Structures are given as structure tokens and as C-alpha cells.
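Listed here are the chains, written in short residue letters.
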Amino acid sequence: MSTETELKQGIREHLGQFSLHVLLVFATGLTIGSERAVVPVLGRDVLGVESLFVIGSFVVSFGFVKALLNLYAGKWGGEYGRKPVLVAGWATALPLPVILIFAPSWGWITVGNILLGINQALTWSMAINAKIDLAGPEQRGLAVGIDEAFGYTGVAAGAWITGVIASRWSLRPEPFYFLAVVVVLAFLVSIFLIKETVQYAEVEVDDDDHHDANLPFVEVLKRATYGDRTLFAAAQAGHIEKFVDTLFWLAVPLYLTSQGLGIAAVGFVVGVHSAMYFLQVATGGLADRIGRRPPVVAGMFLAGAGILGMVLVNGYLPWAVLSGVSGLGMAMLYPNLMTVPGDAAHPTWRATGMGVYRMWRDSGYGVGAILIGLSMEFVNAEAAFYATAALMFVSGAVVYFWMEETHPEFGTHEPPAPATRQSNRVATED
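Residues numbered from 1 in each chain as written. Predicted model: local features only at pLDDT ≥ 70, side-chain atom pairs only at ≥ 80, totals over all residues. Heavy atoms only, no water.

**What to know about the pattern of salt bridges**
According to the stated counting rule, one finds 10 salt bridges in the structure shown. Here lysine 222 ties to glutamate 219 by a salt bridge, and the two come within 4.0 Å at their closest N and O atoms. Placement of the pair is lysine 222 and glutamate 219 together in helix α12 (residues 217-227), with a separation of 3 residues, close to one helical turn. For lysine 222, a relative accessible area of 36% translates into the label partly exposed. The partner of aspartate 362 in a salt bridge is arginine 361, with the nearest N and O atoms 3.0 Å apart. Exposure remark for aspartate 362: the relative accessible area of 0% places this residue in the buried category. When its relative accessible area of 2% is taken as the criterion, arginine 361 is described as buried. Ionic contacts of the salt-bridge type, sharing partners, join the residues Lys66, Lys242, Asp245, Arg361 and Asp362 into one network. (Salt bridge = Lys/Arg side-chain N within 4 Å of Asp/Glu carboxyl O. Helix = DSSP H or I, 4+ residues; strand = E, 2+ residues; numbered from the N terminus. Buried < 20%, exposed > 50% of the residue type's maximum accessible area, 1.4 Å probe, protein only.)

Pasting the structure below:
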């Protein structure tokens, strides 16, 4: 009886640990946000990088490393538990402030962002999986919404705080002293206060239900990539929406400063976009009631419209408003895209399935940085905005026509029956 009580799922039942994971994902957001407004301008104005495509290289290195590590973070989180992977992620970030403070050339910044990619993959992957473990199926959308809301509020706060610090002192080292404090505190919290949560995922496993359970890693990779049309729609949408995030990291600061906006104001405009992600608390909870698909479809088109509008207006206030519009669209789509593989996966391979989705999603950082960097280099900054908006509209159409509803109670999605059932039958006969 005590064991059942101890392993009961629910946010209220595990408010202490759930709150600590919220704090840590906020720190994860602060870590990446500390680079958003400052580092691209640092490359141009301090390190003398003239090529906009070269400046984009630090996002490319971040994106591809984070994508690959997302894939294995889910796998490792299932095999070894969430906490060891979380601690390793924060340990990886410890050298980052030192690199940013003392980097003599842009190449060092690119190397530092490899460490940032590892940190973000391991810490954010485990943060979301731990929250889902604790919350249970009935509050899965809310758990993901809270995770992403506080994570991206951290991104907004990090961009705004470091922008203010840079405007009052200098582009470095002062902004990165703040980053160092965040990383060290998060590392200590992960070691001394966080408890393992993987056992709560096992509560969801029905011993009498073997359908889809215990898929091997390769089978999960295939299914979450192309074997299931709904999961493919989610993966491609996640990949393309990262172009928006990359645009605000790379192109928006450079575009706005070229239009005469000061670094503190740029930090605010970028921060407004990320601050809207806090609404994911509401949009994730809403999806628990109305389904995942409607807010995803609406969010894709709204975010694209906000991006397009930013190059059709001029002025601090219009830029801030349209930054917020694109952020609202992202708040609608972001947590609910991630909930789709959470719904569709069996608890025995959910962490791995989420890792596959996050791999395809975050590779959008790298691909987006290449596309945006080339657009700025060989056309102009506005072209990066137009291309990103167009791709969001196309991707939204794919979601509209291909994604089925995955809500646990009234979803219409059925996993493909294929090979897995046949292989299980053969294994039983053997």
C-alpha cells in the first residue's frame, strides 16, 4: 500500500521535485538566453567577424550537437535513469562561461557552443522526461507546457539581463559572470536535491498489455521518423519551427542593430518573443482538454505571420509587438508538438521516442542557421525572415493534412501495426 502511494503520479503529489525540475529548466533557459542578444554582436563588434555566415556557425555547431545528443539523451535516460544524465549535462556547461570570457577568436565561441549543445540536450531532455514521469498521462500536456513555459521564460530573462549588463558595462566579460553563477548553482541542485523519477514511468506499464512495448532503439527511430505519418508531421514541424528560434538568435539581433536599435532594446525585443513562451502553461493545459492538433496548426501559421510582419514594419514598438505575436504562435505549437510523441509512445520507450523527436526538432537549429546565414550573406537580412515565414506556412499545411489527434482519451491516432507485431509473434513462437 505504501509503495502504491509512493509511486502515485500527479503534479500535486510530487510538487517539491516537480518544482525543482521547473527551477532547473528555468536555469537551462537562462544559460542559452545569456547568449541570445550578446554573442552575435560580440562576434561582429569585438572579435571582428565580418561574414554573417561565419557568425551563424556557432548556431550550426550548437544545433547539430544538441540534435544528436537529444537522441542519445532519451536512450540513456531510459537505461541509466534521468538524474545521472541531468548531472552530466550541467557538468558539461561548467567551462562555457570561461570560454566566452577569454575566447581570442570566433572559433573558440563555436567550440563553446558545442558544450552548450550538449548541456541543453541532456538537461532539457531530462527535465521534460522527469516532469512527464511525475505528472502522469492525465496531466502530460500541462507538464510539458509548464516545462517549456519556464524554460523559455529563462531564455527571455537571460537575453534581457545580459543585454542590460552589456549596455551598462561591456559585451564581455560582465554578462558571462551572470552565466557562471547560473551554471554552478544548477549543477549543485542537480547533484544534491534532485531524485530519480524513471520508476514513475514504469507505473504506466500495464503487465497485461504488451502491444508496442519494448521496441528496440532502431525500431523507435524508424517509427518516430517516417514509419508513422503523424509522428513524421510532428518531427518536420518541430524541425522547421526551430528556424524561428534560430532567426531570433542569429538574424534578429543583427538586423535590429543594423536598423539603429541599441543593444538593450534588442535584448528586450528578443526577450519579448521568448517571454510569450510562458503562455505554454495555458496552451499545454488547453491541449489536455481540446487536443494537441488545433493549437499546433494555429501556432504554425501565427508564428510565420509574426516573422513576416517584422520586416514589413519599422520601429521599436511594432518590432516588439510582432516579436510577441510570433512568440504567441510558438507558445501554441511548441509544447503540443512535443506532447504528440509522448502520447504515441509506449511508456517503455517514451524517453527514446521523445529523444528522436527532439533530435529532428533541434537539427533545425543547424539547418536553419545555414539557410539564414546564407540568406543574410548573399541576399540580405530581410530574405532570412521571408524564407523562414514561408517554410512555417508550408510546414503548417503538412501538419493540417497529415497529423492525427493523439490525445489519450479522444485521439484518433492509431500506431502503425507492422513489423513490430509480426516480430513479437515470431519471437513468441521461437
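**Focus: empty space enclosed by the protein**
Within the structure shown, the criterion is met by 2 cavities of 30 Å³ or more. Taken as a whole, the largest cavity spans an internal volume of roughly 80 Å³. In terms of lining, the largest cavity is formed by 15 residues, of which the most central are Lys66, Trp124, Tyr152, Lys242 and Tyr365. Contributing elements (two or more residues each) for the lining of the largest cavity: α2 (15-36), α5 (57-80), α8 (106-135), α9 (140-168) and α18 (350-378). Per-element accounting of the lining of the largest cavity gives the leading share, 4 residues, to α18. Here the lining of the largest cavity is built from residues that sort into 7 nonpolar, 1 polar and 7 charged. Counted as a void, the second largest cavity has a volume near 30 Å³. Together, Ala224, Leu231, Ala234, Ala235, Pro341 and Tyr357 line the second largest cavity. (1 Å grid on protein atoms, 1.4 Å probe; cavity = no way out; pocket = protein on both sides within 12 Å on 5 of 7 lines; lining within 4 Å. Points joined across faces, edges and corners; volume = space filled by probe spheres on them. Nonpolar A, V, L, I, M, F, W, Y, C, P; charged D, E, K, R; others polar.)

**A few points about the environment of threonine 348**
When you line up the elements, threonine 348 lands in the loop between α17 (316-344) and α18. Assessed through its relative accessible area of 34%, threonine 348 is described here as partly exposed. A C-alpha to C-alpha distance of 5.6 Å links threonine 348 and asparagine 214, two positions 134 residues apart in sequence.

**Considerations on the nonpolar core**
Ranked by size, the top nonpolar core spans 116 residues in total, and within it Phe58, Trp90, Ile109 and Phe385 carry the most contacts. Per-element accounting of this core gives the leading share, 16 residues, to helix α13 (residues 229-258). Core analysis: the next-biggest nonpolar cluster, separate from the first, contains 8 residues, Leu134, Ala143, Ile146 and Tyr200 among them. (Core = buried A, V, L, I, M, F, W, Y, C linked by side-chain atoms within 4.5 Å.)

**A few points about the packing of aromatic side chains**
Applying the stated criterion to the full structure yields 13 aromatic pairs. With centroids separated by 4.2 Å and ring planes inclined at 35°, the aromatic side chains of tyrosine 152 and tyrosine 277 adopt a geometry described as tilted. With tyrosine 152 in helix α9 and tyrosine 277 in the loop between α14 (263-275) and α15 (280-290), the pair connects residues that are 125 residues apart, well separated along the chain. The same class applies to tyrosine 152 as to tyrosine 277, namely buried. Seen in terms of ring centroids, tyrosine 255 and phenylalanine 385 are 5.2 Å apart; in terms of plane orientation they differ by 55°. Their pairing is tilted. Taken as a pair, tyrosine 255 in helix α13 and phenylalanine 385 in helix α19 (residues 381-402) lie far apart in primary sequence, 130 residues in all. (Phe/Tyr/Trp six-rings, centres within 6.5 Å; stacked < 30°, edge-to-face > 60°.)

**What about the side chain of threonine 352?**
Counting through the fold element by element, threonine 352 comes out in helix α18. By relative accessible area, threonine 352 is classed as buried at 12%. With residues near it in sequence (within four places) discarded, threonine 352 still touches Gly74, Lys75, Phe217 and Val220. (Contact = heavy atoms within 4.5 Å.)

**Observations regarding the layout of surface pockets**
The calculated volume of the second largest pocket comes to roughly 320 Å³. Contributing to the lining of the second largest pocket are 20 residues, with Gly78, Pro347, Thr348, Trp349 and Thr352 lying nearest its centre. Per element, the largest residue contribution to the lining of the second largest pocket is 4 residues, and it comes from α5. Of the residues that constitute the lining of the second largest pocket, the class distribution is 10 nonpolar, 5 polar and 5 charged.

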